[in-house]
Amino acid sequence: MKRTSIDLLHGPIVSSLLAFAWPLLLSNIFQQLYNTADIMIVGRFLGSDALAAVGATAAIFDLIIGFALGVGNGMGIVIARAYGAKEEDQLKKAVAASLLIGLGLSGAVMLLGHVGLYPLLEFLGTPSAIIDQSYQYISLIVLCVAVTFAYNLAAGLLRAVGDSLAALSFLIFSALLNIVLDLYFITQLQLGIQSAAIATILSQALSALLCFFYIRKKMSFLVPTPHHFVWDKSLYVDLVEQGLAMGLMTSIVSIGTVILQSSINALGATIISAQTTARRVMSFMVLPITAIATAITTFTSQNFGAKQAHRILRGIRIAVGLSVSWALLASLILYFASPALNQLISSSTDPLLIHSASDYLRITSIFYPVLAVLLILRNSLQGLGRKMTPLISSFIELTGKILFVWVIIPYLGYLGVILCEPFLWIPMTIQLYWTFRHHPLIKMAQKGDLIPSSGR
């Protein structure tokens, strides 16, 4: 089987993990540029109402993107396991099945979105002055959700076999294209808020096409032939369970955020814009953590397939150390730089908007080390085949957000919104850590029952 440039199964762990995570970090940065460019350009050229309209759909946008990304990464776990075990025929069958499953899920999401988007915006209390603009933006994203699924599936395939660099180069080009198209559609064609959605869709479509062409030409061992499109019940069940487990995990988290958005919407357009801005800054600041967490999923999946338990344990410990170190640095940066960053992202000088967004960042960043441990444990357990544990964690978050919306936010207002997620990260991390410590493979590695690998 053809090898990729980054070997996660042998050799020093730190260097291979960082080499794999670095392109993921850059990929995540440029992925964030899609929506951030929309926010910055819409705010600058279309005004505060248009910015609030995009912001009011942020939780729904994250729900869609998160589900697509989760499904792609989940099915990538099965593919990475087959790659680690050097089962090439099973690998191609898994890719073939993933394509069919992704196509079916795209159709289901498009249908649900067509029926339920506008009622959902009404349910969330989207202000009447911006609800039509919000619908124009998000309905186009949902209509073309197959494009999002296609890109995340292609990128998931590349990550599953250790190639995080190829998807990065395609994504950089399409992210830059997104900015150019945003500006062209808004300033030249005068298409309004729909410009941002059209630019995002076209850019992601190009990125997906480039990924698939690269896989076909450079990684033929991933390309299935017609005889690989066969019914294999155990394989399809495994792929659907892993894909839906990760997709639903991110969706449940996003559903909680959608519910939380209803409380934010009730606080007015300025707070909506402040929250939109602050969460975008936060998304950028935690990207190194999410990149390492994504890398550890592939690392554990491949080494699980290769039956290298001791290497898995060492890799997870290294990932926790790297992530927590960045979390502490990010907290320090945001304490001082929040106002400037919020003004840059929002293109606003409104003191209430800047102050509210800065309060959010300064308080939540204190809890970033907890979030770092949470993400590493969650992704490690997914790589080890624990499908339900991350789902339980997500239900804890969903339940907590509902309680905050019903009980705490009505009394604390925007402070309740700020405290909601950080307070919930703590019980979620405790639950994941308990499950991790009791995983049979981890217990064996801690006791030294298995022969250690050569990784350092």
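Computed from a predicted structure; not experimentally measured.

(A) The arrangement of the overall build of the protein chain in detail. The helix and strand tally for the protein chain stands at 17 helices and zero strands. Relative to a compact globule of 456 residues, whose C-alpha radius of gyration would be 23 Å, the protein chain shows 21 Å and is just as compact. Projecting the C-alpha coordinates of the protein chain onto the three principal axes gives extents of approximately 60 × 45 × 35 Å. Per-residue burial over the protein chain gives 57% buried out of 456 residues. Intrachain contacts of the protein chain at a sequence separation of at least 6 include 84% that bridge at least 24 residues. For the protein chain, the exposed area adds up to about 18100 Å²; of that, 69% sits on carbon and sulfur atoms.

(B) Region of the structure containing the packing of helix 10 (residues 269–285) against helix 13 (residues 351–364). Relative orientation of the contacting elements helix 10 and helix 13 amounts to 45°, with a least axis distance of 8 Å. The pairing of helix 10 with helix 13 is recorded here as oblique in orientation. Taken as a pair, helix 10 and helix 13 cross one another with a handedness that is right-handed. Contacts from Thr270, Ile271, Ser273, Ala274, Gln275, Thr277, Ala278, Arg279, Val281 and Met282 of helix 10 reach helix 13 at Leu352, Leu353, Ser356, Ala357, Tyr360 and Leu361. Across the contact of helix 10 with helix 13, the residue classes break down as ten nonpolar, five polar and one charged.

(C) Expanded view of helix 15 (residues 388–412). In this model, helix 15 (25 residues) spans 33 Å end to end at C-alpha, consistent with the 36 Å of a helix rising 1.5 Å per residue. At phenylalanine 404, helix 15 shows its largest bend, some 45°. What helix 15 keeps buried is the set Thr389, Pro390, Leu391, Ser393, Ser394, Glu397, Leu398, Gly400, Lys401, Phe404, Val405 and Ile409. Two residues or fewer after helix 15 comes glycine 413, characterised by a positive phi angle close to 65°.

(D) Just the packing of aromatic side chains, in detail. Summed over the entire model, instances satisfying the criterion amount to five aromatic pairs. With 5.2 Å between their ring centres and 75° between their planes, tyrosine 118 and tyrosine 135 make a pair best called edge-to-face. Taken as a pair, tyrosine 118 in helix 4 (residues 88–123) and tyrosine 135 in helix 5 (residues 131–143) lie far apart in primary sequence, 17 residues in all. Here the aromatic rings of tyrosine 184 and phenylalanine 185 are separated by 5.9 Å at their centres, their planes lie at 55°, and the arrangement is tilted. Over the ring of tyrosine 335 we find arginine 362; its NZ or CZ atom is 5.7 Å from the centre of that ring.

Rules behind the numbers
Residues numbered from 1 in each chain as written. Predicted model: local features only at pLDDT ≥ 70, side-chain atom pairs only at ≥ 80, totals over all residues. Heavy atoms only, no water. Helix = DSSP H or I, 4+ residues; strand = E, 2+ residues; numbered from the N terminus. Rg over C-alpha atoms; globule rule 2.2 N^0.38 Å. Buried < 20%, exposed > 50% of the residue type's maximum accessible area, 1.4 Å probe, protein only. Contact = heavy atoms within 4.5 Å. Areas by Shrake-Rupley, 256 points an atom, 1.4 Å probe, with all protein chains shown as cover. Axes fitted to C-alpha atoms, helices over the stretch in contact; angles between N-to-C directions. Parallel < 35°, antiparallel > 145°, perpendicular 65-115°, else oblique. Left-handed = near helix turned anticlockwise from the far one by under 90°. Nonpolar A, V, L, I, M, F, W, Y, C, P; charged D, E, K, R; others polar. Expected span 1.5 Å × (residues − 1). Bend = angle between axes of the 7 residues up to and from the residue. Phe/Tyr/Trp six-rings, centres within 6.5 Å; stacked < 30°, edge-to-face > 60°. Lys NZ or Arg CZ within 6 Å of the ring centre and 35° of its normal.

Geometric descriptors of this kind do not, in isolation, establish any biological role.
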